[in-house]
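Listed here are the chains, written in short residue letters.
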Amino acid sequence: MARRAETIELAVLGLLHEGPMHGYELRKRLNLMLGWGRVLSYGSLYPTLKKMLRGQLIEEAAATLTPVTRRPRIVYQVTEAGHREFERLMSEVGPTAWEDDNFDIRFAFFGRTDMEIRLRVLEGRRTRLQERLDRVQNQLAMTQKEVDRYAAELQRHGVESVEREVRWLSELIQAERSSEAGPPDGATPHQPATTPPTADRQPAGPTADQ
């Protein structure tokens, strides 16, 4: 739970960098970032907002009236302390930066980090997934005869999803390095897809995340 709260906090700070937002708009934008498989409830968002208010990372900017109920709707904005905390969080490189939930949020705000940090996070994520993939493929080889075809198909789908993300990460890393070196005169640098292939992300077998 603590790690999820930290992920939501990072996402809120990143979104409020774009401008003040009320809670409903924040929740809607966060759900778009997190994806359909990790819907964020008000019960998860508002405790985080209250904690951030206490920590003076955000503040209440104003209250607007909802068009239907005419009830006041609180608008939040990031503070100077929140700006500094966002920059600190985005500059961190380590295992938490490339785990599933945190990586997606970090990637959404990659445009606000320098190339060295982006490369380290991308390479860390790729290594993490490759280790997971190797482990699961070894397990599949040992248990292939012990599962029915539906369980085997689910495991195969999970492996293919991870393989697809590894390829995508490799393309991003190559593009970052090419950008750093600069393309030859007249050449157009390769542009990989910038949307993480997470729509069908599934665990590659029951022990994929262990």
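One can find the structure itself at the top, above this paragraph.
Residues numbered from 1 in each chain as written. Predicted model: local features only at pLDDT ≥ 70, side-chain atom pairs only at ≥ 80, totals over all residues. Heavy atoms only, no water.

> Please give an account of the overall build of the protein that cites residues and values.
Helix and strand content of the protein: seven helices and three strands. Relative to all contacts within the protein whose residues are 6 or more apart in sequence, the contacts with residues 24 or more apart total 63%. By element, 52% of the accessible surface of the protein is carried by carbon and sulfur atoms, the whole surface being about 12,400 Å². (Helix = DSSP H or I, 4+ residues; strand = E, 2+ residues; numbered from the N terminus. Contact = heavy atoms within 4.5 Å. Areas by Shrake-Rupley, 256 points an atom, 1.4 Å probe, with all protein chains shown as cover.)

> Tell me about the packing of aromatic side chains, residues and numbers included.
Scanning the model with the defined rule gives four aromatic pairs in all. Plain terms: the ring middles of Phe 103 and Phe 107 are 5.9 Å apart, the flat faces sit at 35 degrees to each other, and that makes the pair tilted. One end of the pair, Phe 103, and the other, Phe 107, are both in helix H5 (residues 100–108), four residues apart, so they sit about a helical turn from each other. The exposure class assigned to Phe 107 is buried, which follows from its relative accessible area of 11%. Between Phe 107 and Phe 110, the ring centres sit 5.2 Å apart and the planes meet at 50 degrees, which makes this aromatic pair tilted. (Phe/Tyr/Trp six-rings, centres within 6.5 Å; stacked < 30°, edge-to-face > 60°. Buried < 20%, exposed > 50% of the residue type's maximum accessible area, 1.4 Å probe, protein only.)

> Let's hear about the nonpolar core: which residues, and what values?
Counting 24 residues, the largest nonpolar core has Val 12, Leu 13, Leu 16, Leu 26, Leu 30 and Leu 45 as its most contacted members. Listed by contribution, the elements that provide at least two residues to this core are helix H1 (2–16), helix H2 (23–34), helix H3 (42–54), strand E3 (72–78) and helix H4 (80–91). Sorting elements by how many residues they give to this core places H1 first, with seven residues. Leaving out residues up to four positions away in the same chain, Leu 16 has contacts with Met 21, Leu 26, Ile 58, Tyr 76, Gln 77 and Val 78. Among the nonpolar cores identified, the runner-up in size contains 20 residues, and Trp 98, Leu 133, Val 136 and Leu 169 belong to it. (Core = buried A, V, L, I, M, F, W, Y, C linked by side-chain atoms within 4.5 Å.)

> Give a detailed account of the pattern of salt bridges, specifying residues and quantitative values.
Counted under the stated rule, the structure contains 13 salt bridges. As a salt-bridge pair, Glu 92 and Arg 88 come within 2.6 Å of each other at their nearest N and O atoms. A relative accessible area of 39% places Arg 88 in the partly exposed class. Between Asp 100 and Arg 132 there is a salt bridge, and its shortest N-O distance comes to 3.5 Å. Taken as a pair, Asp 100 in helix H5 and Arg 132 in helix H6 (residues 115–143) lie far apart in primary sequence, 32 residues in all. The two residues Asp 100 and Arg 132 agree in class, both being buried. Here the salt bridges do not stand alone but share partners, grouping Asp 100, Arg 125, Arg 132 and Glu 165 into one network. (Salt bridge = Lys/Arg side-chain N within 4 Å of Asp/Glu carboxyl O.)

> Summarise the side chain of Thr 79; cite the residues concerned and give the values.
For Thr 79, the location among the structural elements is in the loop between E3 and H4. Look at Thr 79 and you get buried, because its relative accessible area is 12%. A polar atom in the side chain of Thr 79 sits 3.0 Å from the backbone oxygen of Leu 57. (Polar contact = N/O pair within 3.5 Å; in protein donor to acceptor, adjacent residues only side chain to side chain.)

> So what's going on with the environment of Lys 28? Which residues, and what values?
Inspection of the secondary structure puts Lys 28 in helix H2. Measuring from C-alpha to C-alpha, the distance between Lys 28 and Ser 41 comes to 9.9 Å, with 13 residues separating the pair along the chain.

> Residues and numbers for the packing of H2 against H3, please.
Put simply, H2 and H3 touch, their axes get as near as 11 Å, and they point 120 degrees apart. Classified by the angle between their axes, H2 and H3 sit oblique to one another. Crossing of H2 over H3 shows right-handed handedness. Of the residues in H3, those in contact with Gly 23, Tyr 24, Leu 26, Arg 27 and Leu 30 of H2 are Tyr 42, Leu 45, Tyr 46 and Leu 49. (Axes fitted to C-alpha atoms, helices over the stretch in contact; angles between N-to-C directions. Parallel < 35°, antiparallel > 145°, perpendicular 65-115°, else oblique. Left-handed = near helix turned anticlockwise from the far one by under 90°.)

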